[in-house]
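# Observations on the three-dimensional arrangement
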Amino acid sequence: RRIGVALVGLGGYSRDLLAPALQLTRHCRLAGIVTGSPGKIPEWQGKYDIPDGNVYSYDDFHRIADNPDIDAVYIVTPNHLHKPQTLTAANAGKHVWCEKPMAMDAAEGEAMVKACRDNRVQLTIGYRMQHEPNTRRFMAMAEERPFGRIIKLRADAGWFGFRDGPSDAWRTKPEFGGGAMYDMGVYCVNAVRYASGLDPVAIRAWDETARRDIFPDVDETMRFLLEFPGDIVAECTTSFGRNLNTLQVDCERGWYVMSPFQGYEGNAGRASDGTVFEPQLGKTPRMQAEQMDQDALAILNNTAPRVPGEDGVADMRVLDAAFESARNNGTRIEIP
Ligand code: NAD
């Protein structure tokens with residue numbers, strides 16, 4: 001059986017990556033859309049053969065409860081909407097797939113986990129890398145430790161955007177969850193957690209925004225240092241002003257690196273012993289198709305999803321502490 005998926009928010013990621021990826025899946029089908037832009041509806045209905053009864057606005061989206069054609073809702077809206085929309089979907093009895101960052105802070109994330117648990121639906125976060133084979137290899141190496149003890153990690157993630165000056169896009173506005181840390185910093189945090197197999201205990205963070213004219217109210221660039229149990233440290237940089245895409249793990253007897261580690265075209269890397277990690281999944285949007293198939297199988301088989309809501313909450317705890325540290329000029333903040 002294929003599960004019916006409704007996309008919530010028909011912006012760039014839904015249009016260019018997720019909807020095409022759904023056409024490649026074996027266990028999903030694009031069954032519905034939820035949008036605040038009525039003008040987009042005819043094109044989506046025509047292109048993907050979506051019946052009138054499976055089209056919703058943000059205001060009547062709770063009616064999805066009565067629609068047996070839709071099993072899961074994939075939330076792909078600006079970040080401030082992730083929590084309220086997750087609660088609507090969970091209360092409607094639908095499984096929830098939610099894009100990163102899962103919420104605005106850890107408290108919101110915890111409320112989302114609870115709502116999904118109370119309604120007995122799955123909650124999974126759209127960290128597509130955790131479905132990518134080279135990343136899964138790195139996750140296994142966190143356990144196997146082929147080069148001995150891990151000493152230091154580095155994760156840098158960013159893209160050079162907003163070149164044309166100030167923009168009214170939601171990514172530059174605090175009330176929508178804008179800023180590089182929410183957008184790309186979560187990849188660094190998630191990566192150093194899965195590459196070490198550990199949760200950090202403390203952080204120091206610095207807002208190093210260069211283009212304050214474009215980003216008056218959110219971070220364009222953030223640098224942060226994480227401490228893990230066992231004297232392991234991680235250095236991370238995230239930015240809207242630099243193209244960054246590297247995850248490196250330094251160990252006692254060698255190192256391994258993936259760059260890109262969050263590319264759409266698949267991740268590639270190498271290790272100090274000559275091992276090469278070739279891109280595995282092929283052309284875009286194979287990674288998203290693999291992600292959604294794995295998440296669909298977890299629903300169909302009633303097994304734990306690979307990236308449960310709790311994984312997103314752990315990242316939000318780190319982001320909360322990062323923002324607090326950055327507000328206080330890099331003061332060391334312990335992560336609960
Ligand atoms: P986008 O700006 O292209 O699209 C956002 C959509 O939300 C638009 O259709 C817009 O109309 C709608 N929207 C609803 N309420 C809005 C409001 N109040 N203000 C502005 N827009 C509103 O953004 P996107 O790149 O598609 O990102 C959407 C989500 O997907 C974000 O959470 C982002 O972090 C995530 N994302 C994830 C990946 C990934 O690789 N996993 C990649 C891109 C985006």
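Residues numbered from 1 in each chain as written. Predicted model: local features only at pLDDT ≥ 70, side-chain atom pairs only at ≥ 80, totals over all residues.

### Considerations on the overall build of the protein
Basically, it comes down to this: Going along the chain from the N terminus, every DSSP run of H or I of four or more residues is numbered as a helix, and every run of E of two or more is numbered as a strand. Computation of the radius of gyration draws on C-alpha atoms alone. For the globule rule, the value is 2.2 Å times the number of residues to the power 0.38. Around each residue's C-beta, the other C-beta atoms within 10 Å are counted; 20 or more make the residue buried, 12 or fewer make it exposed, and counts in between make it partly exposed. All C-beta atoms are placed from the backbone. Contact definition: two residues whose C-beta atoms, as placed from backbone geometry, lie within 7 Å.
In terms of regular secondary structure, the protein is built from eight helices and 15 strands. Over its C-alpha atoms the protein spans a radius of gyration of 20 Å, differing by no more than 12% from the 20 Å that the globule rule assigns to 336 residues. Dimensions of the protein, computed from C-alpha atoms along their principal axes, come out at roughly 60 × 45 × 40 Å. Put simply, the protein has 336 residues, and 48% of those count as buried. Pairs at least 24 residues apart make up 68% of the contacts formed inside the protein by residues separated by at least 6 positions.

### Section: the nonpolar core
For clarity, the threshold we go by: In these notes, a nonpolar core means any group of buried Ala, Val, Leu, Ile, Met, Phe, Trp, Tyr and Cys residues linked to one another through C-beta atoms within 7 Å. Residue ranges assigned to each domain were obtained from an automatic or database domain assignment.
In terms of nonpolar packing, the biggest core is built from 89 residues, with Leu7 and Ala322 touching the most fellow members. Here this core gathers at least three residues from each of two domains, domain 1 (3-127 + 288-307) and domain 2 (129-283 + 315-334). Setting aside chain neighbours within four positions, we find Ala322 in contact with Met181, Ile203, Ala205, Met222 and Phe224.

### Description of the sheet that holds strand β9 (residues 221-228)
What counts is decided by this rule: Paired strands are those between which DSSP finds at least two bridges. An axis is simply a line fitted to the C-alpha atoms; with a helix, the fit covers only the stretch in contact. Between two such axes, the angle follows the N-to-C directions and lies from 0 to 180 degrees.
Pairing in this open sheet of nine strands is mixed, and the strands run β14-β13-β12-β11-β7-β10-β9-β8-β15 from one edge to the other. The two strands at the open ends of the sheet, each matched to only one other strand, are β14 (276-277) and β15 (333-334). By the bridge criterion, two bridges tie strand β8 (residues 202-207) to β15 in an arrangement that is antiparallel. Within β15, the position partnered with Ile203 by the bridge is Ile333. In the packing of helix α5 (residues 133-144) onto the sheet, the strands contacted are β12 (254-258), β13 (269-271) and β14, and the crossing angle to β12 comes to about 150°. Helix-sheet contacts for helix α8 (residues 309-327) involve β8, β9 and β15, and the interaxial angle to β8 is about 55°.

### Points about the site of the ligand
Spelled out, the test is: Nearness rests on one distance test: the residue's C-beta atom, set from the backbone, must lie within 6 Å of the molecule or strand.
Neighbouring residues of the ligand: 20 residues in total, closest Gly9, Gly11, Gly12, Tyr13 and Glu99. No other element matches helix α1 (residues 12-22), which puts three residues into the shell around the ligand. Both domains that meet at the shell around the ligand, namely domain 1 (3-127 + 288-307) and domain 2 (129-283 + 315-334), each give it at least three residues.

### Focus: helix α3 (residues 82-91)
Note: α-helices contain 3.6 residues per turn, so residues at a spacing of three or four share the same orientation. Burial of α3 is extensive: seven of the 10 residues sit out of reach of the surface. All of the buried residues along α3 are His82, Lys83, Gln85, Thr86, Thr88, Ala89 and Ala90. Looking at the buried residues of α3, the elements they touch are β1 (3-8), β4 (72-75), β5 (95-98) and α4 (106-118). Immediately downstream of α3, the backbone of Gly93 shows phi near 80°, a positive value.

### Quick look at the UniProt feature "domain: Gfo/Idh/MocA-like oxidoreductase N-terminal" (unreviewed entry) in the protein
Under the convention used in this document: UniProt positions are given in the numbering used here, feature names are shortened, and annotations may be inferred rather than shown by experiment.
Here the UniProt-annotated "domain: Gfo/Idh/MocA-like oxidoreductase N-terminal" (unreviewed entry) positions come out as residues 3-127. Taken end to end, residues 3-127 is 34% helix and 21% strand, and its first and last C-alpha atoms sit 20 Å apart.

### What about unusual backbone geometry?
The amide bond that connects Lys100 to the next residue, Pro101, takes the cis arrangement and shows omega of -15°. Inspection of the secondary structure assignment puts Pro101 in the loop between β5 and α4. Here the bond from Thr284 into Pro285 is cis, since omega is 0°, no more than 30 degrees from zero. Residue placement: Pro285 occurs in the loop between β14 and α7 (286-301). A positive phi angle, near 65°, is found at Asp231, a position not held by glycine. Looking at where Asp231 falls in the secondary structure, it is placed in the loop between β9 and β10 (232-239). Given 10 C-beta atoms within a 10 Å radius, Asp231 is considered exposed. In this model, Asn302 sits at a positive phi of 55°, which is unusual for a non-glycine residue. Here Asn302 shows up in the loop between α7 and α8.

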